[in-house]
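Each chain, letter by letter, is given below.
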Amino acid sequence: MTITIKDSAGIAGMRVAGRLAAELLDYLAPFVKPGITTNELDRLAEEHTTKVLGAISAPLNYAPGGHDPYPKSICTSINHQVCHGIPNDKPLKKGDIINVDVTVIKDGWHGDSSRMYQVGEVSVAAKRLCHLTYEAMWKGIMKVRAGAYLGDIGHAIQVFAEGQGLSVVREFCGHGIGQKFHEDPQVLHYGKPGTLERLEAGMTITIEPMLNIGRKDIKELGDGWTIVTKDHSLSAQWEHTVLVTPNGYEVLTLSDHSPAIPAFVTPSA
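Calculation rules
Residues numbered from 1 in each chain as written. Predicted model: local features only at pLDDT ≥ 70, side-chain atom pairs only at ≥ 80, totals over all residues. Heavy atoms only, no water. Helix = DSSP H or I, 4+ residues; strand = E, 2+ residues; numbered from the N terminus. Rg over C-alpha atoms; globule rule 2.2 N^0.38 Å. Buried < 20%, exposed > 50% of the residue type's maximum accessible area, 1.4 Å probe, protein only. Contact = heavy atoms within 4.5 Å. Areas by Shrake-Rupley, 256 points an atom, 1.4 Å probe, with all protein chains shown as cover. Lys, Arg positive; Asp, Glu negative; His and termini not counted. Charge placed at Lys NZ, Arg CZ, Asp CG, Glu CD. Pairing = 2+ DSSP bridges. Polar contact = N/O pair within 3.5 Å; in protein donor to acceptor, adjacent residues only side chain to side chain. Expected span 1.5 Å × (residues − 1). Axes fitted to C-alpha atoms, helices over the stretch in contact; angles between N-to-C directions.

Novice: Even after reading the chapter, I still don't get the overall build of the protein, so can you show me in this structure?
Specialist: Across its full length, the protein holds 4 helices and 15 strands. On C-alpha atoms alone, the protein measures out to a radius of gyration of 17 Å, which is about the 18 Å that the 2.2 N^0.38 rule sets for 269 residues. Along the three orthogonal principal directions, the C-alpha set of the protein runs to about 45 × 45 × 40 Å. Expressed as a percentage of the 269 residues in the protein, the buried residues total 54%. Sequence separation of 24 or more characterises 70% of the internal contacts of the protein that already satisfy a separation of 6 or more. In the structure as shown, the protein presents an accessible area of about 11500 Å², 53% of it carried by carbon and sulfur atoms. Between the centroid of the 25 positive side chains of the protein and the centroid of its 30 negative side chains there is a distance of 5 Å.

Novice: Before we go on, may I ask you to explain unusual backbone geometry in this structure?
Specialist: Outside of glycine, negative phi angles account for most residues, and trans bonds account for most peptide bonds. Residue Pro-185 is reached from Asp-184 by a cis peptide bond, and omega for that bond is 0°. With respect to the helices and strands, Pro-185 occurs in strand S8 (residues 183-187). One non-glycine residue, His-232, lies in positive phi territory at about 65°. Topologically, His-232 is positioned in the loop between strand S12 (227-229) and strand S13 (235-237). Given the relative accessible area of 56%, His-232 is considered exposed.

Novice: Got a minute to help me understand the sheet that holds strand S6 (residues 167-168) in this structure?
Specialist: Two orientations exist for strands paired in a sheet by backbone hydrogen bonds: parallel and antiparallel. Spatial ordering of the open sheet is given by S6-S10-S13, a layout of 3 strands whose pairing is antiparallel. The two strands at the open ends of the sheet, each matched to only one other strand, are S6 and S13. Note that strand S10 (residues 210-212) and S13 share 3 bridges and pair antiparallel. Each residue of the ladder has a partner; that of Met-210, found in S13, is Gln-237.

Novice: Is there a simple way to think about the side chain of Ser-77 in this case?
Specialist: Counting through the fold element by element, Ser-77 comes out in strand S2 (residues 75-78). We classify Ser-77 as buried; its relative accessible area is 3%. Among the polar contacts listed, one links the side chain of Ser-77 to the backbone nitrogen of Gly-85, at a separation of 3.1 Å. Residues within four places of Ser-77 in sequence aside, it is in contact with Val-82, Cys-83, His-84, Gly-85, Ile-97, Ile-98 and Asn-99.

Novice: Sorry, what's going on with the environment of Lys-230 here?
Specialist: Looking at the secondary structure, you find Lys-230 in the loop between S12 and S13. Taking relative accessible area as the criterion, Lys-230 reaches 56% and is therefore assigned exposed. For the pair Lys-230 and Arg-215, spaced 15 residues apart in the sequence, the C-alpha separation amounts to 7.9 Å. Lys-230 has contacts with Asp-217, Ile-218 and Lys-219, leaving out every residue within four places of it along the chain.

Novice: Before we go on, may I ask you to explain helix H1 (residues 8-28) in this structure?
Specialist: In an α-helix, one full turn covers 3.6 residues, which means residues spaced three or four apart are oriented alike. Given a rise of 1.5 Å per residue, 21 residues ought to cover 30 Å, and the 31 Å separating the end C-alpha atoms of H1 matches this to within 8%. Where H1 starts, the residue carrying a side-chain oxygen 3.2 Å from the main-chain nitrogen of Ala-9 turns out to be Asp-7.

Novice: Would you mind showing me how to read the sheet that holds S12 here?
Specialist: Spatially, S3-S12-S11 is the arrangement adopted by the 3 strands of the open sheet, whose pairing is antiparallel. Single-partner strands in this sheet number two, and they are strand S3 (81-83) and strand S11 (218-220). Here the strands of the sheet are splayed against their neighbours by 40° on average, with no regard to which way each runs. Bridge analysis of S11 against S12 gives 3 bridges, and the strand direction is antiparallel. What sits directly across from Lys-219, in S12, is Val-228.

Spelled out as structure tokens, the structure:
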């Protein structure tokens, strides 16, 4: 396993890329309404990324081993879609929940973030799922500091999620990130404290739990990318890119219009 430790220049580059990812999600928010298609969201995202942010959309034509190139600039996962949903021409409708996942490349550095959006008025259960998944991500973030373990992050997320009656998707996880889209280590959203790799200052990772109202089981659709819940239950995901600091963490994918940080979150030293 090769984990990259960012120096001061690398951290500065990651801060810029992370902020741009957050600003892209801010920009898309007003457009997420009944009637818009995810293809239109994708077009808006690509145009804003290249023409306004002066960056590159990392997902476009991304082709990890065994996959055809991803055909769009963002991932849009709706309702029972867990992750990697491909934008299309089907309009969003009132009551949908949608995860929009973006990754921008700026000066060679990657900023990766995703948010849940509610399309019009949604069900109480859908609101609860989105809210609790956001809190679960922050429960994991709060465990980040030099000397802690990746298992501490996963354990905090799992205990919180399962305590609320939600299930944690096992097959997909967070990851190291930097000059590559996906680096070591893998960041599981379940596990035991004091296990797996030890965190070091200068590591940059994503924390991106996927939680389901129903069972944790998933399946891949025929497009080779879209992941859905097997029982067709609702799924939600949030994601931040996080820097490990000597005494805590720095969330790199925050902006002036990011969702409010939960009240239980203690400031990092």
